[in-house]
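A look at the structure
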Amino acid sequence: MTGLRERTTAVVASTVAVVQRNRPLWIVAAVAVASLATGLGVGRFVISPADAAANSAPPAPGYVTAPVESGPLSNDVTLRADFGYADPVEVKVDTAGLPGAAIVTGRVPEVGAQVDKLSIALEVAGRPVIVLPGELPAYRALRFGVSGPDVSQFKTAMRAIGLDAGDPANAMFDEQAASAVTALYAQAGYPAPTIPDETIAAVRSAQSAVASAERAVAAARTADDAARAGATAVDKQEADNAVAAAQRALDTAVGQGEDDATVATLRDALSLAQAKRTQLDAPKDTSATRADLESARDQLEQARDDLARARERALPSLPAGEVLYLSNLPRRVDSVDAQRGTELKGTAMVVSGATLSLAGSAPESDGRLLAKGSKATVDLPDGTSLDATVSEVTPGEKSGDRWKILLAPAAVTDQQLAELRGKNLRVRIPVASTAGDVLHVPLAALSAGPGGEDRVEVVSGDPRDPKASTRLVVVETGLAASGAVEIRPVDGDLSVGDQVVVGR
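Residues numbered from 1 in each chain as written. Predicted model: local features only at pLDDT ≥ 70, side-chain atom pairs only at ≥ 80, totals over all residues. Heavy atoms only, no water.

Helix and strand counts for the protein stand at 11 helices and 22 strands. Across the 504 residues of the protein, 32% fall into the buried class. Sequence separation of at least 24 residues holds for 67% of the intrachain contacts in the protein that already meet a minimum separation of 6. Of the roughly 29600 Å² that the protein leaves accessible, carbon and sulfur atoms contribute 53%. (Helix = DSSP H or I, 4+ residues; strand = E, 2+ residues; numbered from the N terminus. Buried < 20%, exposed > 50% of the residue type's maximum accessible area, 1.4 Å probe, protein only. Contact = heavy atoms within 4.5 Å. Areas by Shrake-Rupley, 256 points an atom, 1.4 Å probe, with all protein chains shown as cover.)

Shown next as structure tokens:
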């Protein structure tokens, strides 16, 4: 008995050890048994090999089809564009030439206002900032004698407002250009820039110097003329009379038998009178008076040159801080930083194009497909769309750069403007489209016939039925876009809704 008990205890201990070592396996087995018991209550427990094969076989083959559809097709270039006023520009005024602080004294525009040629953008220290058409910013004062592209731009701008400042091809700021400055300020309603007192004093001093030099020339000319003219008729007559009197005195003395000494003295007097008469007919030496005249003339020429330069310095000039060149006028004021009564520092305002635009870019490959005047559709955030037209296509600077695309949107309401301004919107630009609705199918529906013709396979009946019949319809293809292709039946009939095979 004791031995049996011991063997039983050993078997139990061994079994417990096996169970503990394979605990996960026994748990799985228990779950399987439970599942098996459940299955016995609801269905068959044993599945035959035939049933298993049938359950794992693929479904009977059928057709993968797509319907024939009708509608317009188009190939689109899609891009993103910012909605708003184009080409924003920060307006900065050159105030370096002002004698004092650049205080804004008036004419501060409101946001939304337009500025055009001859508009007054601002009034700083009582002086206007006149808007003129141009792209080159004013960087120096234009005064007589300067030359460069800024002078040509000024002359071109004057022509744009009906004033003649000279030929823009002549880049010199001359008297005609200076005269146009006075006319410009008259049109703007302001006096031209004042001429400094010292400049006016220099002109007056130069005028006095010219007058004095002219008097000196006149006196030197009179002296030279007198020297070159020689003896007068009176002088010659007096000399002739002296010769005659000396001759008579000599003749009388000889006739009366005067002594030799008296006669010799009278002969000497006659010789002297004759010599003086002869001297009156000899040419005069005028070198001294001629030199005096030439010196006086040189001094007059120098005085006149000094006067011309003084007058040139007194001609009207155009300060850099009183003109603002802007391209693509008119423009719209987007924001204003300048405030009346405060000193102007940095940006005065921001202006942009006066018309709404959509500014975006496209890869070079897409940009080449676009042209000015192309129609576009803008997708709006509320699900609606807006028509637009391509207004400008600008190629990149080098190959591979993105092209700039500018579009002009159709008219929008004030509410739309407020909601859309600054938004980045999707724009679709058709580069090829059908003329209205056409029949089209997926590209995968096309197959090639033995002669190279295009055709589609139309399913008759239920496409899911693998025994459904099909027919081939020869078609001509048109525009392909977005995975679909335009078709026109050539041999056979096609209707909207027909199912064409795209796969099996």
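Now that the structure has been shown, we can carry on.
So, about the sheet that holds strand β13 (residues 375-379). Strand order in this closed barrel of six strands is β3-β12-β15-β14-β13-β16, and the pairing throughout is antiparallel. Averaged over neighbouring strand pairs, the angle between their axes works out to 40° when direction is ignored. Pairing geometry for strand β3 (residues 74-85) and strand β16 (residues 424-433), over nine bridges, is antiparallel. In the sheet register, V77 faces β16, and the bridge partner there is I429. (Pairing = 2+ DSSP bridges. Axes fitted to C-alpha atoms, helices over the stretch in contact; angles between N-to-C directions.)

What follows covers the sheet that holds strand β5 (residues 104-106). One open sheet holds the four strands; their spatial order is β5-β7-β8-β9, and the pairing between them is mixed. The sheet terminates laterally at β5 and β9 (323-326), the two strands that pair on one side only. For this sheet, the mean inter-axis angle between neighbouring strands, taken without regard to orientation, is 35°. Bridge count for β5 against strand β7 (residues 120-124) is two bridges, and the pairing is antiparallel. Within β7, the residue paired with V104 across the bridge is V124. Across the sheet, helix α4 (residues 149-160) is in contact with β8 (127-133) and β9; its angle to β8 comes to roughly 85°. Packing of helix α5 (residues 175-188) onto the sheet brings it into contact with β7 and β8, and relative to β8 it is tilted by some 105°.

Let's shift gears to the environment of R488. Along the chain, R488 turns up in strand β21 (residues 484-491). In this structure, the C-alpha to C-alpha distance between R488 and V475, residues 13 residues apart in sequence, is 5.3 Å. With sequence-adjacent residues up to four places away left out, R488 is seen in contact with V474, V475, E476, T477 and G478. Here the side chain of R488 touches E486 through a polar contact of 2.9 Å, side chain to side chain. (Polar contact = N/O pair within 3.5 Å; in protein donor to acceptor, adjacent residues only side chain to side chain.)

Right, let's talk about the pairing of β3 for a bit. Judged from the five bridges that link them, β3 and strand β12 (residues 356-362) form a sheet pairing that is antiparallel. Along β12, the bridge assignment pairs A81 with G360.

Moving on: the packing of aromatic side chains. The tally for this structure, following the rule as stated, stands at one aromatic pair. Ring centres of F154 and F173 lie 5.8 Å apart, and the angle between their planes is 45°; this geometry places the pair in the tilted category. On the criterion of sequence distance, the pair formed by F154 in helix α4 and F173 in the loop between α4 and α5 is long-range, its members being 19 residues apart. Of the two residues, F154 and F173, neither departs from the other in class, the shared state being buried. (Phe/Tyr/Trp six-rings, centres within 6.5 Å; stacked < 30°, edge-to-face > 60°.)

Mapped onto the secondary structure, D224 falls in helix α6 (residues 197-229). Looking at D224, the relative accessible area reads 0%, which means it is buried.

What follows covers the environment of G97. Tracing the sequence through the fold places G97 in the loop between β4 (89-92) and β5. G97 gets classed as exposed once you look at its relative accessible area, which sits at 71%. Spatially, the C-alpha atoms of G97 and R140 are 9.3 Å apart, while their sequence positions differ by 43 residues.

Turning our eyes to something else, we now look at helix α7 (residues 233-255). Helical periodicity: at 3.6 residues per turn, an α-helix aligns residues three or four positions apart in one direction. Here α7 spans 33 Å end to end across 23 residues, near enough to the 33 Å set by a 1.5 Å rise per residue. On its buried side, α7 packs onto α8 (260-281). Looking one or two residues past α7, G257 carries a phi angle of roughly 75°, positive in sign. (Expected span 1.5 Å × (residues − 1).)

Quick look at unusual backbone geometry now. The residue after L329, namely P330, is reached through a cis peptide bond having omega 0°. Relative to the helices and strands, P330 is located in the loop between β9 and β10 (331-336). Residues other than glycine seldom take positive phi values, yet R107 does so here, at roughly 60°. In this fold, R107 is placed in the loop between β5 and β6 (114-115). Classification of R107 as partly exposed rests on a relative accessible area of 45%. In this structure, N328 is a non-glycine residue whose phi angle is positive, near 55°. With respect to the helices and strands, the residue N328 is situated in the loop between β9 and β10.

Applying the stated rule across the entire model yields 20 salt bridges. When the shortest N-O distance is used, the salt bridge between R140 and D150 registers 2.7 Å. Highlighted residues: R140 in the loop between β8 and α4 and D150 in helix α4, separated in sequence by 10 residues. Classification of R140 as partly exposed rests on a relative accessible area of 28%. Residue R421 pairs with D334 through a salt bridge whose shortest N-O separation is 3.1 Å. Of the two residues, R421 sits in the loop between α11 (414-420) and β16 while D334 sits in strand β10, which places them 87 residues apart along the sequence. By relative accessible area, R421 is classed as partly exposed at 36%. Taken together, the shared-partner salt bridges connect D224, D225, R228, R290, E294 and R297 into one network. (Salt bridge = Lys/Arg side-chain N within 4 Å of Asp/Glu carboxyl O.)

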